Amino acid sequence: MSKVEEFEELRPLLFSIAYRILGSVGEAEDAVQETWLRFDGSSTVPTSTKAFLSTTITRLSIDVLRSARVRREEYVGPWFPEPLLDDPYQDPARSVELADSVSMAALLLLERLTPLERAVFLLREVFAFDFPDIAASVDRSEAACRQLLVRARRHMHDGRPRFAADRQERQELATRFFDALQNGDVGGLQNLLAADVQLVGDGGGKAPNLARTILGADNVARLLGSVFPSLLAIDVTCEPHEINGQPGAIYRDRDGKVLQAIALDVLDGRIQTIRAVLNPDKLDHLGPVADAWAITRELHRIRRGTA
């Protein structure tokens, strides 16, 4: 195969590694592009193209994550990963690990790890790399990588998300949830939510957002039941879609522009967490982004009867 063909065959794997390390679609795509430039510009023929490219993408992603952590410490409000609609890398032998690791809950849990721990954990636990290849990717000894993995597992163990419901059950629950949401059916919403459900938004200071996390089925149902029917009145539409491998939806304004992405965590037949991504910087890879402030002003005018 030519260099281009070899790279394109491995592109889905490279993106999936980078996205899980960075939690950013845009930064992952940039890392993949930089990996190609280094591969194309190298005059040395690697013994293993996969090993060479995996090492390059991992080191680039670690460097980007180290600088991104400073920005995240200064981030306004809760920080969520950028919504991922489709994971390009598929491996039937690792389907459970791949699905678990790309969920928003898992990516947020990975934030507890250092960049090196995160890379080692993902390469070993999710992508099943051998320790010699992991050691080369992070420029550490095999013994050091084993220690990094032990620490990472310890950090991840207690909080690691497990989504016990099968895919069809999750989707059926999500369908009922979004139907109740659009109808303003508070009672219906309450029946679908866990008693300790959380509603959390990520606006990053660049979009209208919740002042705080909303806790409890009654509080969350009443808030959602009062807000979302009003969106229908101004022609906002709901487009059901998996978000990071879990049930969710994309909301669009009357012009088809992306307003927000909502992801649901489902466990034991109930919705445990509702995450809304409203930061326009995290939505522009999904298409043109709506003006959330303008939509909020329009909603206020309708409620005041001045529309």
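Before reading on, note that the structure itself is shown above.
Here is a short report on the structure shown in this document. (Residues numbered from 1 in each chain as written. Predicted model: local features only at pLDDT ≥ 70, side-chain atom pairs only at ≥ 80, totals over all residues. Heavy atoms only, no water.)

## With respect to helix 7 (residues 131–138)
So the rule is basically this: Only protein chains enter the calculation, and the probe is 1.4 Å; a residue is then buried if its accessible area is under 20% of its type maximum, exposed if over 50%, and partly exposed in between. The numbering of helices and of strands both runs from the N terminus, where a helix is a DSSP run of H or I of at least 4 residues and a strand a run of E of at least 2. It is the directions from the helix axis to the C-beta atoms whose arc is reported. In this description, contact between two residues means that some pair of their heavy atoms is separated by no more than 4.5 Å.
When we look at burial in helix 7, the residues that qualify are Phe 131, Ile 134, Ala 135, Ser 137 and Val 138. Looking straight down helix 7, one finds its buried side chains confined to an arc of 160°; they lie on one side. Those residues of helix 7 hidden inside the fold are in contact with helix 3 (49–73), helix 6 (115–126) and helix 8 (142–157). Just beyond helix 7, the residue with positive phi is Asp 139, at close to 60°.

## Regarding the sheet that holds strand 4 (residues 248–252)
Note the cut-off: For two strands to be treated as a pair, DSSP must find no fewer than two bridges joining them. Axis definition: a line fitted to C-alpha atoms, limited for helices to the stretch in contact. Angles are taken between N-to-C directions and run from 0 to 180 degrees.
Strand order in this open sheet of 6 strands is 2-1-6-5-4-3, and the pairing throughout is mixed. Looking at strand neighbours, the two that pair on one side only are strand 2 (214–215) and strand 3 (237–240), the edges of this open sheet. In the sheet, strand 1 (residues 193–202) pairs with strand 6 (residues 270–277) via 6 bridges, with the strands oriented parallel. Of the residues in strand 6, the one forming a bridge with Leu 193 is Ile 271. Sitting on the sheet, helix 11 (residues 217–233) touches strand 1, strand 2, strand 4, strand 5 (258–267) and strand 6, and the angle it makes with strand 1 is about 50°.

## Regarding the pattern of salt bridges
A side chain with one charge may pair with a side chain of the opposite charge, provided their charged atoms come close. Defined as follows: Counted as salt bridges are all cases of a side-chain nitrogen of Lys or Arg within 4 Å of a carboxyl oxygen of Asp or Glu.
One pass over the structure, following the stated rule, counts 16 salt bridges. For Arg 38, the salt bridge is made with Glu 34, and the minimal N-O distance between the two is 3.1 Å. Note that Arg 38 and Glu 34 are positioned in helix 2 (residues 25–41) at a spacing of 4 residues, about one turn of the helix. Ionic contacts of the salt-bridge type, sharing partners, join the residues Arg 72, Glu 111 and Arg 118 into one network.

## With respect to the nonpolar core
What counts, and what does not: In this description, a nonpolar core means a group of buried Ala, Val, Leu, Ile, Met, Phe, Trp, Tyr and Cys residues linked to one another through side-chain atoms lying within 4.5 Å.
Counting 46 residues, the largest nonpolar core has Ile 17, Tyr 19 and Phe 127 as the members making the most contacts within it. Only helix 1 (3–22), helix 2, helix 3, helix 4 (95–102), helix 5 (104–110), helix 6, helix 7 and helix 8 provide two or more residues apiece to this core. Counting 36 residues, the second-largest nonpolar core is a separate cluster that includes Val 236, Tyr 251, Ile 274 and Leu 278.

## Topic: the environment of Leu 286
You can see Leu 286 is positioned in the loop between strand 6 and helix 12 (292–304). Overall, the relative accessible area of 17% leaves Leu 286 in the buried class. C-alpha of Leu 286 to C-alpha of Gln 90: the two residues are 196 residues apart in sequence and 21 Å apart in space.

## Considering unusual backbone geometry
What you tend to see is this: most non-glycine residues have negative phi, and most peptide bonds are trans. Not every positive phi belongs to a glycine, and Ala 128 is a case in point at roughly 60°. Along the polypeptide, Ala 128 turns up in the loop between helix 6 and helix 7. The partly exposed category is assigned to Ala 128, whose relative accessible area is 40%. One non-glycine residue, Asp 139, lies in positive phi territory at about 60°. Position of Asp 139 relative to the elements: it lies in the loop between helix 7 and helix 8.

## A few points about the layout of surface pockets
The line we're drawing: Both site types are read off a 1 Å grid over the protein atoms alone. A 1.4 Å probe that fits but cannot get out defines a cavity, while an open set with protein on both sides within 12 Å along at least five of seven lines defines a pocket; lining residues have an atom within 4 Å of a point. Grid points are joined across faces, edges and corners, and a volume is the space filled by probe spheres set on the points. Amino acid classes used here: Ala, Val, Leu, Ile, Met, Phe, Trp, Tyr, Cys and Pro are nonpolar; Asp, Glu, Lys and Arg are charged; the rest, including Gly, are polar.
Roughly 600 Å³ of internal volume is contained in the largest pocket. Surrounding the largest pocket, 27 residues form its lining, Pro 208, Asn 209, Leu 210, Val 227 and Leu 278 being those nearest its centre. Looking at the lining of the largest pocket, the elements that each hand over two or more residues are strand 1, helix 11, strand 5, strand 6 and helix 12. Its residues assigned to classes, the lining of the largest pocket shows 20 nonpolar, 5 polar and 2 charged. One number sums up the size of the second largest pocket: a volume of about 410 Å³.

## Examining the packing of helix 3 against helix 6
Helix packing for two helices is described by the angle between their axes and how far apart those axes are. Put simply, the rule is: Each angle is binned into one of four classes, with values under 35 degrees roughly parallel, values over 145 roughly antiparallel, values of 65 to 115 roughly perpendicular, and all other values oblique. Rotating anticlockwise by less than a right angle from the far helix to the near helix defines a left-handed crossing, while the corresponding clockwise rotation defines a right-handed one.
In the contact formed by helix 3 and helix 6, the axes pass within 9 Å of each other and the chain directions differ by 135°. The pairing of helix 3 with helix 6 is recorded here as oblique in orientation. Both helix 3 and helix 6 take part in a crossing whose hand is right-handed. Between helix 3, through Thr 58, Ile 62, Leu 65, Arg 66, Arg 69 and Arg 72, and helix 6, the contact on the second element is made entirely by Pro 115, Leu 116, Arg 118, Ala 119 and Leu 123. Of the residues assigned to the contact of helix 3 with helix 6, the class counts are 6 nonpolar, 1 polar and 4 charged.

## Digging into the pairing of strand 1
The element strand 1 is largely enclosed, with a buried count of 7 among its 10 residues. Inspection of the sheet shows strand 1 paired to strand 2 by 2 bridges, in the antiparallel sense. What sits directly across from Leu 199, in strand 2, is Ile 214.

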